[in-house]
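Observations on chain architecture
Each chain, written out:
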Amino acid sequence: MNASARAQEAYSPALAPIRSNRRIEYDVLARITFRLKKAIEEGPFVKLVEALHENRAIWRAFAVDVADPQNELPQDLRARIFYLAEFTDWHTSRVIRREDNAIPLLEVNTAILRGLKPGEAQK
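Basis of the calculations
- Residues numbered from 1 in each chain as written.
- Predicted model: local features only at pLDDT ≥ 70, side-chain atom pairs only at ≥ 80, totals over all residues.
- Heavy atoms only, no water.
- pLDDT = per-residue confidence, 0-100.
- Helix = DSSP H or I, 4+ residues; strand = E, 2+ residues; numbered from the N terminus.
- Axes fitted to C-alpha atoms, helices over the stretch in contact; angles between N-to-C directions.
- Parallel < 35°, antiparallel > 145°, perpendicular 65-115°, else oblique.
- Left-handed = near helix turned anticlockwise from the far one by under 90°.
- Contact = heavy atoms within 4.5 Å.
- Nonpolar A, V, L, I, M, F, W, Y, C, P; charged D, E, K, R; others polar.
- Buried < 20%, exposed > 50% of the residue type's maximum accessible area, 1.4 Å probe, protein only.
- Core = buried A, V, L, I, M, F, W, Y, C linked by side-chain atoms within 4.5 Å.
- Expected span 1.5 Å × (residues − 1).
- Arc of directions from axis to C-beta.

**Focus: the confidence of the model for the chain**
With 80% of its residues at a pLDDT of 70 or more, the chain shows a mean pLDDT of 86. When pLDDT is averaged over each element of the chain, helix α4 (residues 75-96) comes out on top at 97 and helix α1 (residues 3-11) at the bottom at 53.

Here it is in structure tokens:
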């Protein structure tokens with residue numbers, strides 16, 4: 001290893017930048033929303049069911065998080081997120097039974113992504 005390579009190694013960041021919880025939530029939800037959108041547009045139904053399962057799982061995690069008494073979000077916001085998690089669970093079941101389409105789930109995720117968007121003021 002030459003001196004230049006050693007210097008680069010010595011002065012490069014030791015760790016990846018630390019991401020905030022909000023940024024992590026945004027990234028995960030954005031990835032799931034992309035998969036859901038793609039599955040809605042392209043099919044087949046099994047891909048949609050896989051995307052719905054991922055979406056339901058993240059919303060269940062959100063519900064558990066906002067149900068925690070230690071959660072620091074305002075009570076009203078926590079209640080609204082919990083309601084959206086319940087709606088997502090209920091509507092996902094309807095989509096899997098082919099009683100409805102997944103567009104409302106995509107719309108919910110997109111609205112939440114707008115609120116979580118990095119650089120936006122927290123509301």
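From this point, the narrative continues.
**Re the packing of helix α2 (residues 21-42) against helix α3 (residues 45-67)**
Orientation of α2 relative to α3, taken along the N-to-C sense of each, is 150°, at an axis distance of 8 Å. By the angle class used here, α2 and α3 are roughly antiparallel. Judged by the twist between their axes, the crossing of α2 over α3 is left-handed. Listed contacts from α3 to E25, V28, L29, I32, R35, L36, A39 and I40 of α2 are K47, L48, A51, L52, E54, N55, I58, W59, F62 and D65. Looking at the contact of α2 with α3, its residues break down into 12 nonpolar, one polar and five charged.

**Details of unusual backbone geometry**
Glycine aside, a negative phi is what most residues show, and trans is what most peptide bonds show. The peptide bond linking G43 to P44 adopts the cis configuration, its omega dihedral lying at -10°. Within the element layout of this structure, P44 appears in the loop between α2 and α3. Even without being glycine, R98 reaches a positive phi, approximately 65°. A residue is classified by how much of its surface remains accessible, and R98, at 60% relative accessible area, is exposed.

**Points about the nonpolar core**
Counting residues in hydrophobic clusters, the biggest one holds 13 residues, and the most contacted among them are L29, I58, W59, F62 and I81. Of all the elements in the fold, those that place two or more residues in this core are α2, α3, α4 and α5 (103-116). Among all residues touching L29, those that are not within four sequence positions of it are N55, I58, W59, F62, N109, I112, L113 and L116.

**Remarks on α5**
Between the first and last C-alpha of α5 there are 20 Å, a value that for 14 residues agrees with the 20 Å anticipated at 1.5 Å per step. Buried within α5 we find L105, L106, V108, N109, L113 and L116. Taken around the axis of α5, the buried residues stretch over an arc of 160°, which confines them to a single face. For α5, the exposed residues lying more than 90 degrees away from the buried face are E107 and R114. Looking at the buried side of α5, the elements it contacts are α2, α3 and α4.

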